[in-house]
Amino acid sequence: MNDTTAAYDCGHAVHLLWDYLDGRLPDDARGRVARHLEECVDCDGHFKFERSFLDAIRTLRRDDAAFASLRGRVLGALRGES
Amino acid sequence: MTRHQSLPPDDSPRGSSFDDSGIAYAMPTQPPTDAALSRFEREALPSLPDVARFARSLTRDAADADDLVQETFLRAFRAWHTFIPGSDCRRWLFTICRNIFLRARERESRMVNVDDAEAESLAAVRLHIQARDAGLNDMFTRLDVAPAIERALATLPESFREVVRLVDVEGFAYEEAAEALGVPVGTVRSRLYRARRLLQAELLKYAVDLGFAASSDRDVVPQKEHGK
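Everything quoted here is computed from the prediction, not taken from an experiment.

Here the focus is a negative patch on the surface. Residue and element names in this part refer to chain B. Taken together, the side chains of D61, D64, D66 and D67 present a region of like negative charge at the surface. Inspection of the secondary structure puts D64 in helix α3 (residues 62-78). Here D64 falls in the partly exposed class, since its relative accessible area comes to 42%.

Below, the structure is given as structure tokens:
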């Protein structure tokens, strides 16, 4: 009988890399990826690297000032409609 | 195109309607007649060279463009009874041509979604191995990361850039991004994964250009070992 709770192998875990990091896996699959990462240094390193990449992209959100001119343009258009 | 013209049906269910251009069409209710064919040859076929040039600009492939032109005229003829004499036939044909092209492209993107997503996960891991081997395992914390990512984002095609902005920067769920962009969730997923890989490749190149990869061993943060 297949063990549906066992850790995935490297190939399977890597295929689910982004789904795992984006929180899109169901509980059982997420648990099996997590167990694999506890056991595999290489895959754990890959996942940490990609997580740091996503964290880095999120820093762009802090730069709201960059949208100031766009906001002004949109506001101008909205006022023109009213 | 004027309001009173109708677009011909494609592969939509019988009796349904769509309005890609904000115009509803009526399903044909009668077969074309010989007289209709004569009128079609006289009024529509002279536009074929124009439609063919337009199709070539869309597909960028001569064979695909020819197929597209043929399909355009076939569908136009099937719906010829809905065409209003005296209105702009060439514009009507261009609209049909563009709609067929866009729908075919959408079908293709849906078909390759799953394979693309898996391939992109593997590609991301390969890219990490390259970075690690170059001593750049920690490049996302060593770079002045926001300006570097902005620069890298600017190099991506618009369709990739917008999905990164919505999902990774603004925190949209895939489903929310799909709704905002008017594309299937699978398309958001595949575009996002591809965009992330392209972004990382640009950032790796940027880090190497800045000389980070040439740092001496003591400047590189050692890779953390787990379970050993």
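Moving on, we get to the interface of chain A and chain B. If you look at the interface, chain A gives 25 residues, while chain B gives 37 residues. The junction of chain A with chain B conceals about 2900 Å² of combined surface from both sides, 63% of it contributed by carbon and sulfur atoms. Together, W18(A), F49(A) and L60(A) form the three largest contributors to the area buried by chain A at its contact with chain B, with a combined 23%. Linking chain A to chain B there are three salt bridges. In this structure, R196(B) and D22(A) form a salt bridge, with 3.0 Å as the shortest nitrogen-oxygen distance. Run the count over chain A and chain B and you get eight residue pairs in polar contact (both at pLDDT 80 or more). The set of elements that each furnish at least two residues to the side of chain A that touches chain B consists of α1 (10-15), α2 (17-21) and α4 (41-58) of chain A.

Enumeration over the complete set of coordinates arrives at 12 salt bridges over all chains. Close ionic contact of K48(A) with D44(A) constitutes a salt bridge, the shortest N to O distance being 2.6 Å. Remark: D44(A) and K48(A) occur in helix α4; sequence separation between them is four residues, near one turn of the helix. Here D44(A) falls in the buried class, since its relative accessible area comes to 10%. E71(B) serves as the salt-bridge partner of R75(B), at 2.7 Å between the closest nitrogen and oxygen. Of this pair, R75(B) and E71(B) are both found in helix α3, four residues apart, which corresponds to roughly one turn of the helix. Given a relative accessible area of 13%, R75(B) falls into the buried group. Through salt bridges with shared partners, one network takes in D22(A), D168(B) and R196(B).

Right, let's get into the packing of aromatic side chains. Under the defined criterion, the tally for this structure stands at 11 aromatic pairs over all chains. An aromatic cluster of three or more residues is present, and its members are F40(B), F73(B), F77(B), W80(B), F83(B) and W92(B). A cation over a ring is seen here: R90(B) above F94(B), with NZ or CZ 5.5 Å from the ring centre. When the ring centre of W18(A) is taken as origin, the NZ or CZ atom of R196(B), which lies over that ring, is 4.5 Å away.

The rules we used
- Residues numbered from 1 in each chain as written.
- Chains lettered and ligands numbered in written order.
- Predicted model: local features only at pLDDT ≥ 70, side-chain atom pairs only at ≥ 80, totals over all residues.
- Heavy atoms only, no water.
- Patch = residues over 30% accessible without salt bridge, like charges linked within 9 Å, V, L, I, M, F, W, Y side chains within 5 Å.
- Areas by Shrake-Rupley, 256 points an atom, 1.4 Å probe, with all protein chains shown as cover.
- Salt bridge = Lys/Arg side-chain N within 4 Å of Asp/Glu carboxyl O.
- Lys, Arg positive; Asp, Glu negative; His and termini not counted.
- Charge placed at Lys NZ, Arg CZ, Asp CG, Glu CD.
- Helix = DSSP H or I, 4+ residues; strand = E, 2+ residues; numbered from the N terminus.
- Buried < 20%, exposed > 50% of the residue type's maximum accessible area, 1.4 Å probe, protein only.
- Contact = heavy atoms within 4.5 Å.
- Buried area = accessible area lost by both parts, 1.4 Å probe.
- Polar contact = N/O pair within 3.5 Å; in protein donor to acceptor, adjacent residues only side chain to side chain.
- Phe/Tyr/Trp six-rings, centres within 6.5 Å; stacked < 30°, edge-to-face > 60°.
- Lys NZ or Arg CZ within 6 Å of the ring centre and 35° of its normal.

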